[in-house]
Amino acid sequence: MKTLNMPSFGSDMDIGKVVEWVAKPGKAFTKGETLALIETAKGLIDMEAFEDGVIDTYLIDLDKEVPVGTPILSLKYEPLRRIVGDGDEKEIERNKLEEIEGKSISAQEAITAPLVETSIGSETPKDILGKTTHRASPAARVYAAEHGIDLDKVKGTGPLGSIVLKDLKVETTSNATSNQKGFDTKLMRKAIASVVSQSKKEIPHYYLAHTINIETLQIWLDAQNNQKTVEERLLIQAPILCAIKNALKKYPQFNGFYNNEEFIAQQQINLGVAISLRGGGLIAPAILDAGTLNPEQLMKRLKSISERAKQGGIKQSEVTRATITISNIGDRGVEVIYGVIFPPQVAILGVGKVQRIPVAVDNKVQINSMLTITLAADHRVTDGHDGAKLLNEIDKQLQKPEAL
Amino acid sequence: MTTYREAIREAIRVAMTDDARVFLMGEDVGHYGGCYAVTKGLLDEFGEQRIRDTPLSESGFVGAGIGASIAGMRPIVEIMTVNFSMLALDQIVNNAATLRHMSGGQIGVPLVIRMATGAGKQLAAQHSHSLENWYASIPGIKVLAPATVTDARYMLAEALKDPDPVIIFEHVMLYNQEQELEPRQDDYNAFKASVARPGTDVTIITYGAGLSKALQVADQVSDKGMSVEVIDLRCLRPLDSEAIFSSVKKTGKVVIVDEAWLTGSLASEISAQISEHCLWSLDAPIQRVCTQEVPIPYPAHLEKAAIPQIENILQAVNFVSGTSP
Amino acid sequence: MKLHISREHLTNLLSEMIRIRRFEERCAQLYTEEKIRGFLHLYIGEEAIAVGVMQALEKEDTVFATYREHGHALAKGLDMNEVMAEMYGKLSGSSKGRGGSMHIFDYEKKFYGGNAIVGGALPMAVGVAMADKLMNRSHVTVCFFGEGAVAEGEFHESLNLAKLWDLPVLFVCENNGYAMGTALKYSESQQNIAAKAESYGLITRSVDGMNVVEVETAAIDAVKGIRNGSGPQLLECHTYRLRGHSMFDTQQYRSQDEVNQWLDKGPIAQMKSWLLANVYLNETEIQQIEDRIDDEVNAAIEFAEKSDFELVEHLTRHVYAEPLNMD
């Protein structure tokens, strides 16, 4: 059935109603004739016929408001157009347009997903504290979260009494003075003595050393640092720690605890970093959950624990939960260090200093940056074969610093 | 030492000498020598066809500039001040900015419009507007604001090279400004911001006449150990967001100096962008230093109180850093 | 004034007018079916002006028109498929679908668009003529506008500039008596538009816009004069809009009787009856012309229906010559 619909007379017309039928059913009408009077918000408009035809029936009642596009008239099919072309008079059905109409898509369908993206900030650090009732600047909140500072205990000196970054940096040093007692050197030495003695007594250590060509790493590091401010600079420890934790993922037998004659590998990688303290102390707090961190993030965490180690503010969990320890003696100018494993860990890695020495590269002598990494590991859990694989993996990782 | 005015004059001279398609038209640019004496002497040098005085028909001659640029010339249209540009707003917004789009990319409008802008000479409400933000909000045009003599000298050529309409705003208080004209660097880019003064504690973002005030404030506080970074936007559309964000992430504290009225100012747009992209780096609320919500008054003390002054900027800098003056 | 009245030429004029008429009628229908959206301003009744004036122009002459410009576009030689596709908003449209009914552009064919701002194109026409003159080209720029534009400042500024600088512009005023719903007598203290142009020093002519031959002859004369250095001229064509200002127009401002009076005076009706009366054409031949045009219009509609819309992902194209990365 061919119908004519409530016509649209404008984009702001949504509804209309027929207030008078002009063309009658059964009687032919011609193009241009008025079929009905339509009432719209702007007033009365004639609905005109665009082609000749005959009405079959009216489909709606008078004065009934309907949306634009609603069928209001049905028509009888009448062949009306002739094509004069090849001499034959052909009668065709009018409204060839209908065939075309069926294939169109509406503008609505053409529009798929919304294109415009709302602008959302790109930085969202993991643990944003929102719990303090005090006003604190976003930067201060981020810093506090990263350093485990309780904002409720901080006095703010920023705009309108808000807590700002400089208030937190003061905070950590005052923390240090109050915690100074916990780092009594004599007591610490006693504790260390106890640990290392136990370690040497109980853990059968084996030792491996591997010299790594870090020329590529050094070049990459310099390039990275060229684009960074002094604050953001990466020290070589950062990519090394990154390589280590990546290697540990492949060789989890070095990342875990040996207790009661049983080794349990740990899912989470907590990298213990040996830090020597002024006055002769030693502490090895961990960068917790280092598994997903990139070198920049590791650098930040390393700085944070180093600062806090020296000023106080290391948390209990950070000290007891290291799953492996790394001892970096490089900045003391020593090439190789063999560590003592801190039980219940099963390995300790040592990182020596960066040396510029002649090496053979493609059968030619070149000066490259080299660095010796050592492994002291628990022979009850692993042996030299495994250790070699671990060190080689670390080497491999460091040859592709951009993938760290 | 060159004045801002002389630099622009030289820029026009060189452009017209180098390219026969370039000509300048506007009110009183020829026989009068230019309302701000920018075009003094150019009529004698280039003649009436190329330094063309127009009747007081802003809409007419801006539209003519559009038509001429479509048909192959490179006109520089001078609208005496932004205050009169509103008579040509239809041509600028409905034609220059839209022709490329409406024609589906067929027709470009390589037109350059220069306008004086700003307050400070007790010229009262109808002669003191800063409407850069209106123009900077319109897709299809580009907006430049030279704040230094060097930029006054070299931005025009960049604008003339651009295939899209470019509006250059010259602040009235800068015409007499005298500075060393620096040579044009190979990587000169008119459409980027510059770090006018590097710093680490607070960022001041500004353009046009705000630059010298910002630099003075930076000098003042450096005596107290505060390091202020001043960003000269130079290009108002497109905004150099990268430069803005980079500075804000460094200092965490921002003051934006803008001579437009506070509401709907460019400072507001920049503020919104900063809060969207740099929230976690902010160490204090963003401060906007803009003109008060009043038509510019005539008496000197009121005009001064209405537009951003060094004291206002200083106050904002102290606020964000939590220091007392 | 030499009248150009060969059978072939007049038949041609009739065809062009019918072509515009049929296009417009079908657009009206499509609009009620919501295929064409936004605003639709029909040229029905005024076809003689676009067709007549275009006879006087060369390909390199530029044309500016109004939002009622479909007829001008077709008469200037734009492809009907592309114009119809533009009405539909499809990518294959003359403005890549970006403009719609009021913004048909074809740079190659020097058709510099429909313009939705009354009077908005006059200054640009002045500018193009200025460039042509400065670059020593012998082109003429034609700017079509309605009598409503005469009230806008831009009309006066543009005529003044054109005469002051002696520019090759032909201003064509299509005086159909109504600016939307406002009759001329309600808007102009001086209703004689030609007089206004004369006061600026332009050579002016006033013709019957329903007579395509009269329009053509006047246009040829005017353009010849301009090319020979007469300076700008104005051609006023008296005409009548047989439909409303746009589709959604209840036409409460004029009586049906008035409209009816003009129906027989329309340019196509006039030309048809003249050709028939003078036995230049018979009914069958006219029917053939109409059928051929129907086919062309149907093909254009089919082309438009089948064409694709532009991808939403390309939304921010065509703002600048090079994309800017504003986010």
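Residue indices follow the written sequence of each chain, beginning from 1 at its first position. Naming scheme: in the order in which they are written, chains are lettered from A and ligands are numbered from 1. The predicted nature of this model means local features are confined to residues of pLDDT at least 70 and side-chain atom pairs, given and counted, to a pLDDT of 80 or more, with totals for whole chains, interfaces and linings taken over all residues. As a convention, hydrogens and water are excluded, and side-chain values are obtained from all of the structure's heavy atoms.

Student: Is there a simple way to think about the overall build of chain C in this case?
Tutor: When you go through chain C residue by residue, the secondary structure sums to 11 helices and 7 strands. C-alpha atoms define the radius of gyration, and 2.2 Å times the number of residues to the power 0.38 defines the globule rule. Since a compact globule built from 327 residues should have a radius of gyration of about 20 Å, the 20 Å found for chain C is in line with a globular shape. Taken along the three principal axes of its C-alpha coordinates, chain C extends 55 × 50 × 40 Å. By the burial criterion, 59% of the 327 residues in chain C qualify as buried. Note on contacts: a residue pair qualifies if any of its non-hydrogen atoms lie within 4.5 Å across the two residues. Of the contacts formed within chain C by residues at least 6 apart in sequence, a portion of 74% connects residues at least 24 apart. Residue exposure ignores everything except the shown protein chains as possible cover, and the areas themselves are Shrake-Rupley values with a 1.4 Å probe. Carbon and sulfur atoms form 48% of the exposed surface of chain C, whose accessible area is close to 12,700 Å². Helix and strand definitions follow DSSP, with helices as H or I runs of at least four residues and strands as E runs of at least two, each counted in order from the N terminus. Exposed residues in this analysis have more than 50% of their type's maximum accessible area, buried residues have under 20%, and partly exposed residues fall in between, with area computed by a 1.4 Å probe over protein chains only.

Student: What am I meant to see in the packing of aromatic side chains here?
Tutor: Two numbers describe a pair of aromatic rings. These are the distance of the centres and the angle of the planes. Think of it this way: a Phe, Tyr or Trp ring, Trp meaning its six-membered ring, pairs with another when their centres are within 6.5 Å, and the plane angle makes it stacked under 30 degrees, edge-to-face over 60, tilted otherwise. If you walk through the whole model with that rule in mind, you get 14 aromatic pairs over all chains. Ring centres of A:Tyr207 and A:Tyr338 lie 5.6 Å apart, and the angle between their planes is 80°; this geometry places the pair in the edge-to-face category. Of this pair, A:Tyr207 sits in strand S11 (residues 205-213) while A:Tyr338 is found in the loop between strand S18 (324-328) and strand S19 (347-351), placing the two residues 131 residues apart along the sequence. Judged by its relative accessible area of 37%, A:Tyr207 is partly exposed. With a centroid separation of 5.4 Å and an interplanar angle of 50°, the aromatic rings of C:Tyr178 and C:Tyr253 are classed as tilted.

Student: For this particular structure, what's the right way to read the state of the cysteines?
Tutor: Two cysteines, two sulfur atoms, one covalent bond between them: this is a disulfide. Here, the term disulfide refers to a pair of cysteine sulfur atoms separated by no more than 2.5 Å. Considering all chains together, one arrives at 0 disulfides over all chains under this definition. The thiol of B:Cys278 is not disulfide-bonded; the next cysteine sulfur, from B:Cys290, is found 18 Å away.

Student: Whenever I open this one, the sheet that holds strand S5 (residues 112-117) of chain B confuses me. Can you help?
Tutor: Within a sheet, adjacent strands bond to each other through the backbone by hydrogen bonds, running parallel or antiparallel. Residue and element names in this part refer to chain B. Any two strands between which DSSP finds at least two bridges are classified as paired. With mixed pairing, the 7 strands of this open sheet are ordered in space as S3-S2-S4-S5-S7-S6-S12. Either end of the sheet is taken by a strand with one partner, and the two such strands are strand S3 (51-53) and strand S12 (235-237). Across the sheet, the axes of successive neighbouring strands diverge by a mean angle of 20°, strand direction being ignored. The pairing of strand S2 (residues 22-26) with strand S4 (residues 74-81) spans 5 bridges and is classified as parallel. What sits directly across from Met25, in S4, is Val77. Axis geometry follows a simple rule: fit a line to the C-alpha atoms, using only the stretch in contact for helices, then measure angles between N-to-C directions, giving values from 0 to 180 degrees. Across the sheet, helix H8 (residues 149-161) touches S2, S4, S5, strand S6 (142-144) and strand S7 (166-171), and the angle it forms with S5 is around 145°.

Student: What am I meant to see in the side chain of B:Gln91 here?
Tutor: Residue placement: B:Gln91 occurs in helix H5 (residues 89-96). Overall, B:Gln91 belongs to the buried group, its relative accessible area being 0%. Apart from residues lying up to four places away in sequence, B:Gln91 is in contact with B:Ser59, B:Val62, B:Gly63, B:Ile66, B:Ala96, C:Gly120, C:Pro123, C:Met124 and C:Glu154.

Student: Mind showing me how you'd approach the pattern of salt bridges here?
Tutor: Where charged atoms of side chains with opposite charge meet at close range, the side chains can pair. Residues and elements named next belong to chain A. The salt bridge definition used is simple: a Lys or Arg side-chain nitrogen within 4 Å of an Asp or Glu carboxyl oxygen. A complete count under the given rule lists 39 salt bridges over all chains for this structure. One salt bridge connects Glu296 with Lys228, and the closest N-O pair in it is separated by 3.0 Å. Residue Glu296 is found in helix H8 (residues 295-311), and its partner Lys228 is found in the loop between helix H6 (215-226) and helix H7 (237-250); the two are separated by 68 residues along the sequence. Glu296 gets classed as partly exposed once you look at its relative accessible area, which sits at 32%.

Student: Even after reading the chapter, I still don't get the interface of chain C and chain B, so can you show me in this structure?
Tutor: Frequently, the measure chosen for interface size is the accessible area removed from exposure when the parts meet. In this complex, chain C contributes 36 residues to the contact, which on the side of chain B involves 44 residues. In short, buried area is how much 1.4 Å probe accessible area vanishes from two parts on joining, totalled over both. Carbon and sulfur atoms make up 66% of the surface buried where chain C meets chain B, a total of about 3,400 Å² over both sides. At the boundary of chain C with chain B, the tally comes to 0 salt bridges. Polar contact is the term for a pair of N or O atoms within 3.5 Å; when the atoms are in protein, one must be able to donate a hydrogen and the other to accept it, and sequence-neighboring residues count only if both atoms are side-chain atoms. One can count 21 residue pairs in polar contact (both at pLDDT 80 or more) joining chain C with chain B. Where the side of chain C that touches chain B is concerned, the elements lending two or more residues are helix H5 (122-134) and helix H6 (153-164) of chain C.

Student: Sorry if this is basic, but what is going on with the environment of A:Asp61 here?
Tutor: Positionally, A:Asp61 belongs in the loop between strand S6 (53-58) and strand S7 (65-67). Between the C-alpha atoms of A:Asp61 and A:Lys364, which are 303 residues apart in sequence, the distance is 99 Å.

Student: Would you take a moment to explain the sheet that holds strand S3 (residues 28-29) of chain A for this structure?
Tutor: All names here are of chain A. Taking strand neighbours across the sheet as the criterion, the 4 strands line up as S1-S8-S6-S3 in an open arrangement whose pairing is antiparallel. A single partner strand is all that each edge strand has here, and the edge strands are strand S1 (2-5) and S3. Examined bridge by bridge, S6 and strand S8 (residues 71-76) share 4 bridges and lie antiparallel to one another. Bridge assignment links Ile55 to a residue of S8, and that residue is Leu75.

Student: Help me understand the domain arrangement of chain B in this model?
Tutor: Residues and elements named next belong to chain B. Residue ranges for the domains originate in an automatic or database domain assignment. By the assigned domains, chain B splits into domain 1 (2-179) and domain 2 (194-321). Here the C-alpha centroids of domain 1 and domain 2 sit 26 Å apart. Contacts between the two partners involve 30 residues from domain 1 and, on the opposite side, 23 residues from domain 2. The junction of domain 1 with domain 2 conceals about 2,100 Å² of combined surface from both sides, 58% of it contributed by carbon and sulfur atoms. Considering only the side of domain 1, the residues that lose the most area to domain 2 are Gln122, Asn133 and Ala145, jointly responsible for 25% of the buried surface there. Summed over the shared surface of domain 1 and domain 2, the number is 1 salt bridge. The partner of Asp151 in a salt bridge is Arg234, and the shortest N-O contact between them spans 2.8 Å. Linking domain 1 with domain 2 are 14 residue pairs in polar contact (both at pLDDT 80 or more), by the criterion used here. Taken together, the elements giving at least two residues each to the side of domain 1 that touches domain 2 come down to helix H7 (132-136), S6 and H8. Ranked by the residues each element gives to the side of domain 1 that touches domain 2, the list is headed by H7, at 4 residues.

Student: For this particular structure, what's the right way to read the pairing of S2(B)?
Tutor: As a general feature of sheets, a regular strand has side chains that alternate between the two faces. Counted residue by residue, S2(B) has 5 buried out of 5 residues, so it is predominantly covered. Neither face of S2(B) is exposed, since B:Val22, B:Leu24 and B:Gly26 on one face and B:Phe23 and B:Met25 on the opposite face are all buried.

Student: Which parts of the structure should I look at to understand the packing of helix H2 (residues 47-54) of chain C against helix H8 (residues 212-227) of chain C?
Tutor: Helix-helix packing is characterised by the crossing angle of the two axes and by the distance between the axes. Residue and element names in this part refer to chain C. Look at H2 against H8: their axes get within 8 Å of each other, and the N-to-C directions meet at 35°. The way H2 lies across H8 gives a crossing that is right-handed. The residues of H8 that touch H2, namely those facing Ala48, Ile49, Val51, Gly52 and Val53, are Val212, Val215, Glu216 and Ala219. All residues other than Ala, Val, Leu, Ile, Met, Phe, Trp, Tyr, Cys, Pro, Asp, Glu, Lys and Arg, Gly among them, are scored as polar; the first ten of these are nonpolar and the last four charged. Split into classes, the residues belonging to the contact of H2 with H8 amount to 7 nonpolar, 1 polar and 1 charged. Left-handed describes a crossing whose near helix is turned anticlockwise from the far helix by less than a right angle; the clockwise case is right-handed.

Student: Looking at this model, I keep getting lost on the nonpolar core. Mind explaining?
Tutor: Proteins that are soluble and globular tend to have nonpolar side chains buried together. Among the nonpolar cores identified, the biggest contains 85 residues, and B:Ile274 and C:Phe171 are the most heavily contacted of them. With 8 residues, the single largest contributor to this core is H5(C). Residue assignment places this core across two domains, with domain 1 (2-179) and domain 2 (194-321) of chain B each supplying three or more. Excluding anything up to four places from it in sequence, C:Phe171 contacts C:Leu122, C:Val126, C:Cys143, C:Phe145, C:Ser158, C:Leu159, C:Ala162, C:Leu202, C:Pro232, C:Gln233, C:Leu234 and C:Leu235. Here, nonpolar core refers to any group of buried Ala, Val, Leu, Ile, Met, Phe, Trp, Tyr and Cys residues whose side-chain atoms link them within 4.5 Å. If you look at the next biggest cluster of nonpolar residues, it comprises 73 residues, including C:Tyr31, C:Val172, C:Ile226 and C:Ile293.

Student: Is there a simple way to explain the confidence of the model for chain C in this structure?
Tutor: A low pLDDT score tells you not to read the predicted coordinates there in detail. When the pLDDT values of chain C are averaged, the result is 94; 98% of them are 70 or greater. Confidence estimates for the predicted assembly give a pTM of 0.71 and an ipTM of 0.87. Per-residue confidence from the predictor is given as pLDDT, running between 0 and 100.

Student: Would you mind going over unusual backbone geometry with me for this structure?
Tutor: Trans is the common state for peptide bonds, and a negative phi is the common state for residues other than glycine. In the segment running from A:Pro343 into A:Pro344, the intervening peptide bond is cis, with an omega of 0°. Relative to the helices and strands, A:Pro344 is located in the loop between S18 and S19. Although it is not a glycine, B:Gln122 sits at a positive phi angle of roughly 55°. Along the chain, the position of B:Gln122 falls in the loop between S5 and H7.

Student: Can you help me understand helix H9 (residues 210-222) of chain B in this one?
Tutor: In an α-helix, one turn spans 3.6 residues, which is why side chains three or four residues apart end up on the same side. Residue and element names in this part refer to chain B. Relative to the 18 Å expected for 13 residues at 1.5 Å per residue, H9 spans 18 Å between its end C-alpha atoms, a close match to the ideal helical length. What H9 keeps buried is the set Gly210, Leu211, Lys213, Ala214, Val217, Ala218 and Val221. The buried residues of H9 occupy one face: seen down the axis, they fall within an arc of 165°. Of the surrounding elements, those touching the buried residues of H9 are strand S9 (194-197), strand S10 (202-206), strand S11 (228-232), strand S13 (254-261) and helix H13 (310-321). In this analysis, the expected span of each helix is defined as 1.5 Å times one less than the number of residues it contains. To obtain the arc, one takes the directions from the helix axis to the C-beta atoms.

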